[in-house]
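Descriptive structure summary
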There are 2 protein chains.
Amino acid sequence: MSTKIVVVGGVAAGPKAACHLKRLQPDWEITVVDQDSLISYGGCGIPYYVCGDVSDEAELRSTSFHMVRDADFFKRAKGVDVRTRTRALAINRKEKVVQVEDLDSGEKQNLPYDKLMLATGAKPFVLPIEGVELDGVFTIANLHKAIEIKKRISKGLVTNAVVIGGGAIGVEMAEALTDLWGVNTSLVEFMPQLLPRIVDWQFAAMLKTHLLEKDVAVYTSEGASAILGDENGKVTGVRTPERTLEADLVIMAVGVRPRSELAKEAGLTVAPWGGIVVNKCLQTSDPDIYAAGDCIASTNLVTGKETYAPLGSLANRQGRIVGDNMAGLASQFQGVVGSFIMKAFDRCIAATGITCEAARAEGFDADYALTAPSDRAHFFPGEAIAVFQLVFDRSTRKVLGMQGFGVMNDSISVRIDTAAVMIANGAVIEDFRDAEMAYAPPFSAAIDSINAAAFVADNLCADRLRKVDMDRFLAWMDDFSLEPDWAALDIRHPLEVGPFVEKFGPEQWVAVPYDEVRERYAEIPEDKTLIILCDAGTRSYETQIFLDHIGKKNTMVLSGGFNVVKRIGVDWYPE
Amino acid sequence: MSTKIVVVGGVAAGPKAACHLKRLQPDWEITVVDQDSLISYGGCGIPYYVCGDVSDEAELRSTSFHMVRDADFFKRAKGVDVRTRTRALAINRKEKVVQVEDLDSGEKQNLPYDKLMLATGAKPFVLPIEGVELDGVFTIANLHKAIEIKKRISKGLVTNAVVIGGGAIGVEMAEALTDLWGVNTSLVEFMPQLLPRIVDWQFAAMLKTHLLEKDVAVYTSEGASAILGDENGKVTGVRTPERTLEADLVIMAVGVRPRSELAKEAGLTVAPWGGIVVNKCLQTSDPDIYAAGDCIASTNLVTGKETYAPLGSLANRQGRIVGDNMAGLASQFQGVVGSFIMKAFDRCIAATGITCEAARAEGFDADYALTAPSDRAHFFPGEAIAVFQLVFDRSTRKVLGMQGFGVMNDSISVRIDTAAVMIANGAVIEDFRDAEMAYAPPFSAAIDSINAAAFVADNLCADRLRKVDMDRFLAWMDDFSLEPDWAALDIRHPLEVGPFVEKFGPEQWVAVPYDEVRERYAEIPEDKTLIILCDAGTRSYETQIFLDHIGKKNTMVLSGGFNVVKRIGVDWYPE
């Protein structure tokens, strides 16, 4: 009798494992069950479906060669049995059967397995506040919800929307609603920044500024305390501690949780927060049961600790590994670096590894190099400034993370992906310094951003570069009394500096152009701590080195310079 | 007395080392000499200057903050003395002086040094054929030549141009001449393919097809045998063994050679082919003399052998390392992976590591995985097919190289740079399989191209996938008698396959759609070796696995499929 495989879950990891395994073991009988009628879809594409970039939801369920991945397709093309609208109710590990229920007929059945895979995915977290059950309140749980949201918008039923949650899905949905449909959209985030724990605050601040420019009303440090409705049970608004926002559509995107009840009830080891515990072969505590995708606990390769990384790309890679292992091939999942990338209107924001904030909380001797280089040769048409931050440990010189923000193209992806494979490999600053990035003016500067960030990190570690933190600088700009002995030393071109001197006065804002510092250093006040300012921070570093050399050592460099300040957006910036 | 540093060469490595060292050792006296009047320019930007993307040559000599990097700038801003139009004549290592000559006054002088750096760059190779001295024949040696070329074109003096040499600079110049100026441009390359030794033939063929589409006349396997001129000494054409091409402009771009005479005459160790030999600290055989940039010999990190890698990006990184070492900081240059990237009209072509051809010549058990995936989620607007090839050693599973070809954006750069840092680190196929590429639909497919290429390589190594080489397939398509027992098994959509069946007949061209193979396999002939064909090769692999399973084992998959065939361009393709 042929080996029987049952896979619970038909979105990403499940079908991937099933099809890969069928290729490795064509004799085996492989059955996938899913409680939904729609399967094998690109859940990450939902915001692009809602915004209209993807016109038909079937495109999200199609192969690249335009076949819809439904049960019939899996049977005909892959030789895999898929049973939709079939819920797995319980696992009997002793008998090695999964009890399933046909949701249409109510019929129950035991499916025997030799090996079982749990790819039960995640469920959206629902805030414990009033009004979540109102009509017009959605989570981005599955394709049906997305279809319903788009239907309401396209019927003109949505004028005002509130997105609760400033993570990736929240921001993508805010863009989708605003960009194509012109829905008045507000985004509320309980934490003080967007993308909390994913990027450091400077990057979140640049993103927020861009969203505001694009007419998304963003409220950070402001969670939803209630969802309001009318007498017919229709949503009318969202209340926060600060205000009430009108809404005929509310999208709750406050994260997801592993769907692991089945595993837990079967007695498999599950982390307290719900992630199914697996080994590197993706076996659960029962060696005949594998798990992969959004339902498992992973290991963070930077911290070595347990983490949760619900991402379609990981689910696919894990699915293949489960297939390998079930077939008897050695193949392991080592863990996750934590790579993240997102389009937000005309910008791209991305990160890999851990943030500086997280690294400090983990006890690393963490520091960061904030840079604002050109994304390609500065003379090449279309060149743009990107912002990158390298997070590293000063003692071990190990690189812990990298973040990037720039215009919407693949240039951020280039550096973040390169960084990710290096970080996964335990890279130190020198590895980033030595990374050989393919160079031609249309693609890169002669010194690539990744090398340049490593140079800054190296200068910081060697104490050749002393920087002022951006938040401290911005606070001082709002209130000079916070640091009464500070003054700015602005070394940019006189045409750039003029309005600042005029606004803040020549005592507070000392202007000496970069290429005149060596001649005119006597003009620079002795009694002040000087914050050296330029566009990107590189000229400021050179100036600091020179001033150190002549004995003026009370200086700090604003790393990233005005390129970052402008992108964060400040109200004190002269016209 | 302060330490004295002399740097010979003021384009890339020299100024970089000088400025970095000045920051590390502000007391030291650093002098850069260069025989040219124009220094510190982005030589790789020359084609973009000629084509008009960069309007003024001064942009190539400017910083990103728009200051021209001339001698005055280096003095004022960097504290580095630069003496232009000053030629280094000889090094007296015993006395530790460099004899230099002022090219304007003819005055000679000895510059004492404690440490010396040679950054003498490269000189263009000039073919030993008649006519190279004619007016209108140029090498891309320096900015002066570029200025003169652009002047002639913009004055309307150039109707027909011939570019000799199908390397990167030759192709870039051919684009520059054709694209903006509409010059009738021919490109001749002595070797059977463009970009010889940089990419394998399939990639060169796709590039050639694109150049032909863009009205560049490309002649491969056809070197220039003579350059022809009129009685006034003006160029009139280029003769090849096959034809005579009219030309009022000839650009000779047949590679560069290290400029190492000074080093050789000083008794420093120089490779037979001219590269100055250095250790990892970039010291020559005289520990007080360093060398970097286009004049040195490097180590290839894949083969471990000596190589020549004249690239601006490497020169800059090496310059910094020289500065570090002169200042007493430990810093090493490990060698080069050989990363390469190029824009060619609307396409990008890139490579890292070594080609399959080179790998086989080096004795590796080399094979390749040729793939044609989507560059981002297939449902995302603007998605395009990219072609990637992973070169690997079947015995050790070590990845030796990767090549990419796609539309002109940064998506190829993403994968080639990621591959480069992995290859530099000795990566095996599993590392490529596990690479964590940041995923969102606007940037990547859920299974990134780099992972997908590794999956194919893995299938090849495990003999689960048997492929037919593209050249063998194309030869057979031209002449079925070469392989009389072969037939095509085309599993694409009937609408795609129809014209092929009509043209080649149902015996030669068996059509069974991918999702019907499991039902209709009985129709597939037993007595033929079947070449399984689809768009990218993935469905063909699945089909091969299934046919193996039912006992039809005489099949081969065309990896990369019609996506690659179409890009190579064939005349037998039905309308």
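Residues numbered from 1 in each chain as written. Chains lettered and ligands numbered in written order. Predicted model: local features only at pLDDT ≥ 70, side-chain atom pairs only at ≥ 80, totals over all residues.

1. Quick notes on the overall build of chain A
To be explicit about the condition: Strands are runs of DSSP state E lasting at least 2 residues, helices are runs of H or I lasting at least 4, and numbering of each runs from the N terminus. We compute the radius of gyration from the C-alpha atoms alone; for a globule the expected value is 2.2 Å times N to the 0.38, where N is the number of residues. Partly exposed residues are those whose C-beta has more than 12 but fewer than 20 other C-beta atoms within 10 Å; 20 or more makes a residue buried and 12 or fewer makes it exposed, with C-beta atoms placed from the backbone. Placing a C-beta atom from the backbone of each residue, one calls two residues in contact when those atoms lie within 7 Å.
When helices and strands are tallied, chain A shows 18 helices and 29 strands. Taking 25 Å as the expected radius of gyration for a compact globule of 575 residues, we find that chain A reaches 27 Å, a close match to that expectation. When the backbone C-alpha atoms are referred to their principal axes, chain A occupies close to 90 × 60 × 45 Å. Going through the 575 residues of chain A one by one, you find that 57% of them count as buried. Pairs at least 24 residues apart make up 64% of the contacts formed inside chain A by residues separated by at least 6 positions.

2. Some remarks on the sheet that holds strand S26 (residues 486-490) of chain A
Pairing between the strands of a sheet comes from backbone hydrogen bonds, and it takes one of two forms, parallel or antiparallel. Residues and elements named next belong to chain A. The test is simple: Following DSSP output, two strands are said to pair if at least two bridges run between them. Note on definitions: angles span 0 to 180 degrees between N-to-C directions of axes, and those axes are lines fitted to C-alpha atoms, for helices only across the stretch in contact.
Ordered in space as S27-S26-S28-S29, the four strands form an open sheet in which the pairing is parallel. Across the chains shown, the open sheet's two edge strands, defined by having one partner strand only, are strand S27 (509-511) and strand S29 (555-557). Strand-to-strand, the axes of this sheet are offset by a mean angle of 30 degrees, without reference to chain direction. Across five bridges, the pairing between S26 and strand S28 (residues 529-533) is parallel. Looking at the pairing, alanine 487 lines up with leucine 530 of S28. Sitting on the sheet, helix H15 (residues 494-504) is in contact with S26 and S27, with an inclination near 150 degrees to S27. Contacts from helix H17 (residues 538-549) reach S28 and S29, with the element oriented near 160 degrees to S29.

3. Examining the relation of the copies chain A and chain B
Applied cut-off: Only residues with pLDDT of at least 70 in both copies count here: their C-alpha atoms drive the least-squares fit that superposes the copies.
Expressed as a screw operation, the relation of chain A to chain B combines 0.0 Å of axial shift with a rotation of 180 degrees, fitting to an RMSD of 0.0 Å. The superposition of one copy onto the other is thereby described by a two-fold rotation axis.

4. A short note on helix H13 (residues 449-461) of chain A
Stated precisely, the cut-off is as follows: By this rule the span expected of a helix is its residue count minus one, scaled by 1.5 Å.
Between its first and last C-alpha, H13(A) extends 18 Å over 13 residues, near the 18 Å set by a 1.5 Å rise per residue. Where burial is concerned, most of H13(A) is hidden: 12 out of the 13 residues are buried. Along H13(A), the residues classified as buried are Ser449(A), Ile450(A), Asn451(A), Ala452(A), Ala453(A), Ala454(A), Phe455(A), Val456(A), Ala457(A), Asp458(A), Asn459(A) and Leu460(A). The inward-facing, buried residues of H13(A) abut strand S23 (366-371), strand S24 (387-393), helix H11 (411-424), helix H12 (429-434) and H17 of chain A together with helix H8 (312-326) of chain B. At the C-terminal side of H13(A), Asp463(A) shows a positive phi close to 60 degrees.

5. Re the sheet that holds strand S2 (residues 29-33) of chain A
All names here are of chain A. Spatially, S3-S2-S1-S7-S18 is the arrangement adopted by the five strands of the open sheet, whose pairing is parallel. Each edge of the sheet is formed by a strand with only one pairing partner; in this case those strands are strand S3 (81-83) and strand S18 (289-291). Recorded for the sheet is a direction-independent mean angle of 20 degrees between the axes of neighbouring strands. Of the strand pairs in this sheet, strand S7 (residues 115-118) and S18 are connected by three bridges, and their pairing is parallel.

6. A few points about unusual backbone geometry
Positioned with a positive phi, Asp215(A) is a non-glycine residue whose angle comes to about 70 degrees. Mapped onto the elements, Asp215(A) comes out in the loop between helix H7 (201-213) and strand S12 (216-219). Using a count of 12 C-beta atoms within 10 Å as the deciding quantity, one classes Asp215(A) as exposed. For His66(B), which is not glycine, the phi torsion reads 70 degrees and is therefore positive. Its place among the elements puts His66(B) in the loop between helix H2 (46-50) and helix H3 (71-78). Looking at His66(B), the number of C-beta atoms within 10 Å reads 10, which means it is exposed.

7. Quick word on the domain arrangement of chain A
All names here are of chain A. What counts, and what does not: All domain edges in this entry derive from an automatic or database-based domain assignment. Amino acids outside the nonpolar list (Ala, Val, Leu, Ile, Met, Phe, Trp, Tyr, Cys, Pro) and the charged list (Asp, Glu, Lys, Arg) are all regarded as polar, and Gly is one of them.
As far as domains go, chain A holds domain 1 (4-41 + 63-122 + 257-326), domain 2 (137-254), domain 3 (340-461) and domain 4 (470-568). The straight-line distance from the C-alpha centre of domain 2 to that of domain 4 is 39 Å. Counting from both sides, the interface comprises five residues of domain 2 and, opposite them, five residues of domain 4. A per-class count over the side of domain 2 that touches domain 4 returns three nonpolar, two polar and no charged.

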